[in-house]
Amino acid sequence: MPDFPFIFDTMGKLLAALPTTLELFILSISVGGVLACFITWARISPYKLLSLPARGYIFVFRGSPLLIQMFLVYYGLGQFAVVRHSIFWPVLREPFVCAVLGLALCTAGYTAEILRGGLIAVPAQQIEAARACGMSGLLLLRRVIAPIAIRQALPAYSTEIILMMKSTALASLVTVWEVTGVAQRIISQTYRAMDVFLCAAAIYLVLNFVLVKLTGGLEYYLTPHLRARPTSLSAGLRPLPPPAAGDASHG
Amino acid sequence: MDQIMLLGFGTKGWGGMLLLGMVMTFLVTFTALAIGAVLGALVAWARLSRSRLARFGGEAYTTVFRGVPELLVIYVVYFGGSTVVTSVGQLLGAEGFIGFPSFIAGALAVGVISGSYQAEVYRGAFQAVARGEIEAARSVGMPTLMRFRRIIAPQVMRFALPGLGNVWQLSLKDSALVSVTGLAELMRTSQVAAGSTRQYFLFYIAGGVLYLVMTSLSNQVFDRAEARVARSFRGGLGRG
Amino acid sequence: MADTARKSARGVAPLALSVKGIHKSFGQHQVLKGISLDAHEGDVISILGSSGSGKSTFLRCINLLETPDDGDITVAGEQVKLRRTGDGHLQPSDRKQVDRIRSELAMVFQSFNLWSHRTILENLIEAPVHVQKRPRAECILEAEALLEKVGIADKRNHYPAHLSGGQQQRAAIARALAMKPKAMLFDEPTSALDPELVGEVLKVMRTLAEEGRTMLVVTHEMGFARDVSSRVMFLHQGKVDAEGTPQEMFGDGGSERFRQFISNTIR
């Protein structure tokens, strides 16, 4: 017979830690995403001076465990007087900041590879066609290359952010009390591993479900050209205006 | 330099310990992969089964263990295992708390996670086996078990090889989390060395480098195996 | 000629295969509505029909790759044991018997279905060694002779993926022969081949017919049906529409529908 009072109590404690998990998640994928753009840019550069370090970065951060990266940031940085005396120290001594930094550095490596995969998948003929229209540089990137690459990379990226959601659990090992950390504390106090596990698992599964729906929706929104032709206007998410009206509005 | 001494094999050096940690990491990962292979095969079979209940069970397994933090799985196996072992111990007359052996807990936890990924690998590999070849095996009168052993299993293993390489890398990195149970694998040893010498940066870098050595070595092993299989197995020419 | 020799033998040659009243439905769709066929040893029976007439399903029922809803199958005097389940469908009651009978009826598929993880020689000896439990050395010797016969002895150590479609199909025929079958079932053996590769496969099949092997051939090759087979069977919508010797069928004995069918097929 499940012990409902205990389960409700546990659920309450775990949900109280949910904001921390979400903050870790959102901050780390945002910072990691920006970082990944720079790394991808360097990685596909024809200059060895740029592409080699990027290649090294990706190799190191994808090839070693996230925990060791996070400990390196949390314990390793503070070892150096230069860091301790710098203006960043008040921020860098915070476990939360270290956790976000560790997560972001790691996901940047994975995301960079995913973005590169998306870029490689952009058909050369379509870039050629854009050049033939006189596009180049940033305009070409913004109008043609990036939209196609992002659509190509989206499925892999949605897998990556679910992995990141799970990875936020490691923050508890540098004393940031997010959901898994709180769960561990309750387990070691009560020894009711299964009940606590099920509560925490339920939270993560709901989070994953929401993420899957969000990225799935985004993918659907971004790829109208891959969908079956809607049989009626109401069938599509974003029904196309009738041709005449469409022409008029763009004209 | 003092720091080089710390990484060396002398009396004050941690080199030997770190290498032992590497061996332990390899052993945990390898055991986990084996446990995961059994679980993964069972779950894949359930997901391909005609029974709706088995399909649901298989799907639930992969959803849960691919969706929940690895650390949480390690906690539940370690603490849950200890609770079970303690109560069994009390039944047999032992007193007090008995800890679940951390190697078994770690290998089991990583194995359970690995199993959820391996299940998907095997399922995909099975679906890649040409239906016609299975039918040909039926048409020559091969009984079910022989069909599985001689025609299906060898092909599934070959199709699964690239996916298994990925799962191995994943499990290798997951095994670092087993350090929370106190098992002296590479992560834990780096941690202890870093703590007792106060040389955090040095030892985490050293540990990280050793992980990189392990991941790139195993990458090469899998690449070579794949190349060998590809040479004999799949040509580009049309198959029916 | 061989053709007349076979015809005169028909009266005396024992039955290799006898099929009676085969019915088969997929869901609501009735594919076979009672088809019967007797094949004496040495018969080469071509089964013709437009797509959807049920000819492939008929062949698959004989080899029990599909279980018929109703009907009897007898191979070399041994009847396949089928029992009726609760929902009225037939089911083989003796799996061992099914496997044994399958090994006596060798099947050649449209899409070759060679086992891609084994070399050509390994494909040939797989069933003789493991299903029929014959000595390996003996099987290898026979397999090599068969590969010689179908003209791909030099490919013995190649994997199927490295062969052309025509070579793969000849290997598949050799694989079928390696089981020393009582009858051979060909399911559109040339339909998946490029036109220029069809000839090499038909040539092998013609040789087999001249050796007096019992063959059931589902095909679209009118030339083969007319010149090589001893009997022609025309299926239409799950029933036998017309049946007879090639002379009768391609002369004036066939049905109106069959004449229409061949006038659409022969260019």
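Not measured: the values here are computed from a predicted model.

Draft legend 1. Main features of the overall build of chain B. Along its length, chain B carries nine helices and zero strands. Moving toward the C terminus, one meets the helices and strands of chain B in the order α-α-α-α-α-α-α-α-α. With the C-alpha coordinates aligned to their principal axes, the bounding extent of chain B is approximately 70 × 50 × 30 Å. The burial tally for chain B puts 52% of its 240 residues in the buried class. For chain B, contacts bridging at least 24 residues in sequence account for 72% of all contacts bridging at least 6.

Draft legend 2. Expanded view of the overall build of chain C. When you go through chain C residue by residue, the secondary structure sums to ten helices and twelve strands. The C-alpha radius of gyration computed for chain C amounts to 18 Å, which stays within 12% of the reference 18 Å derived for 267 residues, consistent with globular compactness. Taking the principal axes of the C-alpha coordinates as reference, chain C spans close to 50 × 50 × 40 Å. Counting only residues that meet the buried cut, chain C has 55% of its 267 residues in that class.

Draft legend 3. Structural view of the confidence of the model for chain B. When pLDDT is averaged along chain B, the result is 89; 95% of the residues meet or exceed 70. Low pLDDT, under 50, characterises residues 235–240 of chain B; the stretch is placed with twelve contacts to residues that sit more than four places away or in other chains.

Draft legend 4. Highlighting the interface of chain B and chain C. Every contact between the two is made by 26 residues of chain B and, on the other side, 30 residues of chain C. For the pair chain B and chain C, the two sides together bury roughly 2,400 Å², of which 54% comes from carbon and sulfur. Of all residues in chain B, Ser139, Val140 and Arg150 of chain B give up the largest surface area on contact with chain C, accounting jointly for 24% of the area buried on that side. Seen at the junction of chain B and chain C, the total is two salt bridges.

Draft legend 5. Molecular detail of helix H8 (residues 186–197) of chain B. Residues and elements named next belong to chain B. The end-to-end C-alpha distance of H8 is 16 Å, a good match for the 16 Å that twelve residues give at a rise of 1.5 Å each. Residues of H8 that are buried include every one of Leu186, Met187, Thr189, Ser190, Ala193 and Ala194, and no others. Around the axis of H8, the buried residues are gathered within 165° of arc, so they sit on the same side. Looking at where H8 begins, the residue whose side-chain oxygen comes 3.2 Å from the main-chain nitrogen of methionine 187 is glutamate 185. Positive phi shows up at arginine 198, right after H8, with a value of about 65°.

Draft legend 6. Region of the structure containing the pattern of salt bridges. Taken as a whole, this structure holds 32 salt bridges over all chains when the rule is applied. Among the salt bridges present, the one from arginine 123 of chain B reaches glutamate 120 of chain B, with a minimum N-O distance of 3.4 Å. Placement of the pair is arginine 123 of chain B and glutamate 120 of chain B together in helix H5 (residues 102–128), with a separation of three residues, close to one helical turn. Taking the shortest distance from any N to any O, the salt bridge between aspartate 70 of chain C and arginine 84 of chain C comes out at 3.3 Å. With aspartate 70 of chain C in strand E4 (residues 70–75) and arginine 84 of chain C in strand E6 (residues 82–84), this pair connects stretches of sequence that are 14 residues apart. Overall, the relative accessible area of 35% leaves aspartate 70 of chain C in the partly exposed class. For arginine 84 of chain C, a relative accessible area of 47% translates into the label partly exposed. A single salt-bridge network, built from bridges that share partners, covers Arg47, Glu59, Glu120 and Arg123 of chain B.

Draft legend 7. Structural context of the sheet that holds strand E10 (residues 215–218) of chain C. Residue and element names in this part refer to chain C. Here six strands make up an open sheet; going across it, the order is E8-E9-E10-E3-E11-E12 and the pairing mixed. Since the sheet does not close on itself, it has two edges, and those belong to strand E8 (105–108) and strand E12 (239–244), each with one partner. Going from strand to strand, the sheet's axes swing by 20° on average, the running direction of each strand aside. In this sheet, strand E9 (residues 183–187) lies alongside E8 in parallel orientation, the contact comprising four bridges. What sits directly across from alanine 106, in E9, is methionine 184. Against the sheet, helix H10 (residues 256–265) contacts strand E3 (44–48), strand E11 (231–236) and E12, and its axis sits at roughly 95° relative to E11.

Draft legend 8. Inspection of the state of the cysteines at higher detail. Residue and element names in this part refer to chain A. Considering all chains together, one arrives at zero disulfides over all chains under this definition. With no disulfide of its own, cysteine 37 has cysteine 106 as its nearest cysteine by sulfur position, at a separation of 17 Å. Free of any disulfide, cysteine 98 has its nearest neighbouring cysteine sulfur in cysteine 106, separated by 15 Å. Judged by its relative accessible area of 0%, cysteine 98 falls in the buried class.

Draft legend 9. Structural view of the environment of valine 80 of chain C. Residues and elements named next belong to chain C. Tracing the sequence through the fold places valine 80 in the loop between strand E5 (78–79) and E6. Considering only alpha carbons, one finds valine 80 and valine 129, 49 residues apart in sequence, at a separation of 24 Å. Not counting chain neighbours up to four residues away, the residues in contact with valine 80 comprise Leu64, Ile73, Gln97 and Ile101.

Draft legend 10. Up close: the nonpolar core. If you look at the biggest cluster of nonpolar residues, it comprises 101 residues, and the most contacted ones within it are Leu14, Val179 and Phe197 of chain A together with Val73, Met187, Phe203 and Tyr204 of chain B. The contact partners of valine 179 of chain A, leaving out residues within four places of it in the chain, are Leu14, Ala17, Leu18, Thr21, Ala200, Ile203 and Tyr204 of chain A. Of all hydrophobic cores here, the second largest spans 80 residues; its members include Met142 of chain B together with Ile101, Phe109 and Phe224 of chain C.

Draft legend 11. Expanded view of the environment of histidine 225 of chain A. Residue and element names in this part refer to chain A. Within the secondary structure, histidine 225 sits in the loop between helix H11 (193–222) and helix H12 (243–250). The exposure class of histidine 225 is exposed, given its relative accessible area of 55%. Taking the C-alpha atoms as reference points, histidine 225 and phenylalanine 71, separated by 154 residues in sequence, lie 45 Å from one another.

Draft legend 12. The side chain of serine 82 of chain B, seen in detail. Position of serine 82 of chain B relative to the elements: it lies in helix H4 (residues 70–91). Once residues within four sequence positions are removed from consideration, serine 82 of chain B is found in contact with Val77, Phe97, Ile98, Gly99 and Phe100 of chain B.

Draft legend 13. How the structure looks around the arrangement of the chains. Looking across the two pairs of chains in contact, one finds the most contacts between chains A and B. These two, chain A and chain C, are apart from each other, with no contact and a minimum C-alpha gap of 28 Å.

Draft legend 14. Geometry of the interface of chain A and chain B. The partner chain B presents 39 residues to the 36 residues of chain A that form the contact. Buried surface at the junction of chain A and chain B, both sides included, amounts to about 3,200 Å², of which 79% is carbon and sulfur. When the buried area of chain A at its contact with chain B is split by residue, Ile68, Lys166 and Phe197 of chain A rank highest and sum to 20% of it. There are ten residue pairs in polar contact (both at pLDDT 80 or more) connecting chain A and chain B. Of the residues in the side of chain A that touches chain B, the class split is 25 nonpolar, nine polar and two charged.

What counts and what doesn't
Residues numbered from 1 in each chain as written. Chains lettered and ligands numbered in written order. Predicted model: local features only at pLDDT ≥ 70, side-chain atom pairs only at ≥ 80, totals over all residues. Heavy atoms only, no water. Helix = DSSP H or I, 4+ residues; strand = E, 2+ residues; numbered from the N terminus. Buried < 20%, exposed > 50% of the residue type's maximum accessible area, 1.4 Å probe, protein only. Contact = heavy atoms within 4.5 Å. Rg over C-alpha atoms; globule rule 2.2 N^0.38 Å. pLDDT = per-residue confidence, 0-100. Buried area = accessible area lost by both parts, 1.4 Å probe. Salt bridge = Lys/Arg side-chain N within 4 Å of Asp/Glu carboxyl O. Expected span 1.5 Å × (residues − 1). Arc of directions from axis to C-beta. Polar contact = N/O pair within 3.5 Å; in protein donor to acceptor, adjacent residues only side chain to side chain. Pairing = 2+ DSSP bridges. Axes fitted to C-alpha atoms, helices over the stretch in contact; angles between N-to-C directions. Disulfide = S-S within 2.5 Å. Core = buried A, V, L, I, M, F, W, Y, C linked by side-chain atoms within 4.5 Å. Nonpolar A, V, L, I, M, F, W, Y, C, P; charged D, E, K, R; others polar.

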